[in-house]
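Topology and contacts: notes
One letter stands for each residue in the lines below.
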Amino acid sequence: MTRLVWFRTDLRLHDNETLSSAVRAGDPVAFVYIHDDSSPLSGFRKKILAESLRSLSEGLRDLGSELLCLSGRPQEVLPRLCTQLGVNEVYFSRLTAFDERKTEDAVTQSLAKLGVATRRFQTHTLFCDEDAQGFELYRPMSFSKLRKLIEQRSWPIRPPLAAPENLPECPQLGTGSGFIYFDFKPWLAQAEPGLGFSCEGGERAALDFLTKYMGGGHLRTYKQTRNGLLEWTDSSKFSPYLALGCLSARLIYREVRAFEAAHGENLSTLWFLYELLWRDHFHFMAQVRGRELFTDPGRPKRELARGPAADKSFAAWRSGETGRPFIDAAMKELRLTGWLSNRMRQNAASFFVHDLGLDWREGAAWFEQNLIDYDPASNWGNWAYIAGAGFDHKPHSFDIEQQANMFDPDGAYRARW
Ligand SMILES: Cc1cc2nc3c(=O)[nH]c(=O)nc-3n(C[C@H](O)[C@H](O)[C@H](O)COP(=O)(O)OP(=O)(O)OC[C@H]3O[C@@H](n4cnc5c(N)ncnc54)[C@H](O)[C@@H]3O)c2cc1C
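Residues numbered from 1 in each chain as written. Predicted model: local features only at pLDDT ≥ 70, side-chain atom pairs only at ≥ 80, totals over all residues.

With that settled, consider the site of the ligand. Around the ligand there are 27 residues in total, and Ser235, Ser236, Asn342, Asn379 and Asn382 lie nearest to it. Mapped by element, the contributors of at least two residues to the shell around the ligand are α8 (239-243), α10 (267-289), α14 (342-355) and α16 (376-387). Considering each element in turn, the shell around the ligand owes the most residues, five residues, to α10. Taken together, the residues that form the shell around the ligand break down as 11 nonpolar, nine polar and seven charged. There are two domains that each give the shell around the ligand at least three residues, and those are domain 2 (125-159 + 203-289) and domain 3 (292-416). (Near = placed C-beta within 6 Å. Helix = DSSP H or I, 4+ residues; strand = E, 2+ residues; numbered from the N terminus. Nonpolar A, V, L, I, M, F, W, Y, C, P; charged D, E, K, R; others polar. Domains from an automatic or database assignment.)

See below:
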């Protein structure tokens, strides 16, 4: 039996059931990442992806194996690869957003025609639907409903799996195999942002970062600092690592519980866990809503702005030239670093939808291209929530001046950007 692990946004060795299950039997296993370049990526997104792939490649190499990085559409590349390597079974992590699931289904179908089986694992979220004891997680549900259900039913969170200590033989591609290799190395050269938050991608950096955040005791005051706009310690900054799967949500959960055991539980630790649960909520909702999450125009209070005036407002918002310093600061921070705090994402999105009257889907697409922590379910789910395109169609708007007074009272954030 020869197996193949197709890495997606699960670029890690620890707590990766896809990987652990594939290598358990000790038969030959090949590892592949396939880059599909159909979506534009900012330089910062390219850099973090490249660093994450470098770290994964090195991790596999240290265990005696290797990562093949190829370009193309997975449903076309994988069947050819399986034929050339003699693969019988392909293992991958299942994701929740529409396009990613469509790709999974296309992969499964194209491999089935060759007699190659597929096995999918839920490695991305905190909760696993197999543990939901018959309860249907995938139906329209508010965050508070999900939270209450989880609390009432005491759903377990699986303990994180250790990284494998060694890997079986890796089948080799012959020369002239006809694949287009994906060379991520040029993407490593993107310059660091001069100001603001910057983050090195990859599992190794992620594990160090987790240790530094927990060891620094920052979690103890998370509830008070999470809306801060200037310091890396204001919130955890785990999202870039979670988005590419360099860190597992279940490992973070275990570390939070260990922190509580050592230092006591408080409102900050509880709040932090709620935030991780928001992430699961958006993933479950992405699965429920399918394509609609990306297409529903929502029910804005007024007609959407269209035509040259709307194009001009959109361009001004993107480049941070709306004339509203709080929003302009956010849009510059995003463009110059790929990062934005949750508070400023909310304000920038609310301003785009409710003040400029623009189509939220274009704003969400701009974030998708630029955020270093881009995650389809979290990005489109949060935008939809603000725009009134969530499953309950209730819009959420922010008073920008009030927000600036509350969260940037001395103007330090506006001054920085
Ligand atoms: C318009 C908009 C777009 C967003 N796009 C993304 C995105 O593409 N990728 C992304 O990971 N998050 C997105 N978020 C959610 C949130 O802003 C980020 O997860 C958070 O700012 C990341 O910072 P942190 O890791 O320091 O979070 P912390 O405050 O330390 O929270 C811990 C973790 O909880 C999760 N989390 C926290 N808040 C949310 C939330 N509202 N929704 C989902 N998960 C949450 C994240 O995984 C985060 O890393 C978006 C929010 C808005 C309003």
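Here the narrative resumes, following the displayed structure.
Moving on, we come to the environment of Ala329. The residue Ala329 is located in helix α13 (residues 325-337) in this model. Accessibility expressed as a C-beta count within 10 Å gives 23 for Ala329, which makes it buried. With residues near it in sequence (within four places) discarded, Ala329 still touches Tyr413, Arg414 and Trp417. (Buried ≥ 20, exposed ≤ 12 C-beta atoms within 10 Å, placed from the backbone. Contact = placed C-beta atoms within 7 Å.)

Before going further, it helps to examine the pairing of strand β4 (residues 89-93). Across the five residues of β4, four count as buried, placing the element largely inside the fold. As paired strands, strand β1 (residues 3-7) and β4 are joined by four bridges and run parallel to one another. By the bridge assignment, Leu4 is partnered in β4 with Val90. Pairing of β4 with strand β5 (residues 117-121) involves five bridges; the strand directions are parallel. What sits directly across from Tyr91, in β5, is Arg119. Read as a crossover between parallel neighbours, the route from β4 over helix α4 (residues 98-112) to β5 is right-handed. (Pairing = 2+ DSSP bridges. Right-handed = clockwise from strand over helix to strand, strands pointing away.)

Moving on, we come to the domain arrangement of the protein. The figure often quoted for interface size is the accessible area lost as the parts come together. The assigned domain composition of the protein is domain 1 (3-123), domain 2 (125-159 + 203-289) and domain 3 (292-416). If you average the C-alpha positions of domain 1 and of domain 2, the two centres end up 25 Å apart. Taken together, the 17 residues of domain 1 in the interface contact 17 residues of domain 2. A class-by-class count of the residues in the side of domain 1 that touches domain 2 yields six nonpolar, eight polar and three charged.

What follows is about the sheet that holds strand β2 (residues 29-35). The five strands lie next to each other as β3-β2-β1-β4-β5, forming an open sheet whose pairing is parallel. Two strands bound the open sheet, and with one partner strand each, they are β3 (67-71) and β5. Averaged over neighbouring strand pairs, the angle between their axes works out to 25° when direction is ignored. In this structure, β1 lies alongside β2, joined through five bridges in parallel fashion. If you follow Trp6 over to β2, its bridge partner there is Val32. Across the sheet, helix α1 (residues 17-24) is in contact with β1, β2, β4 and β5; its angle to β4 comes to roughly 160°. (Axes fitted to C-alpha atoms, helices over the stretch in contact; angles between N-to-C directions.)

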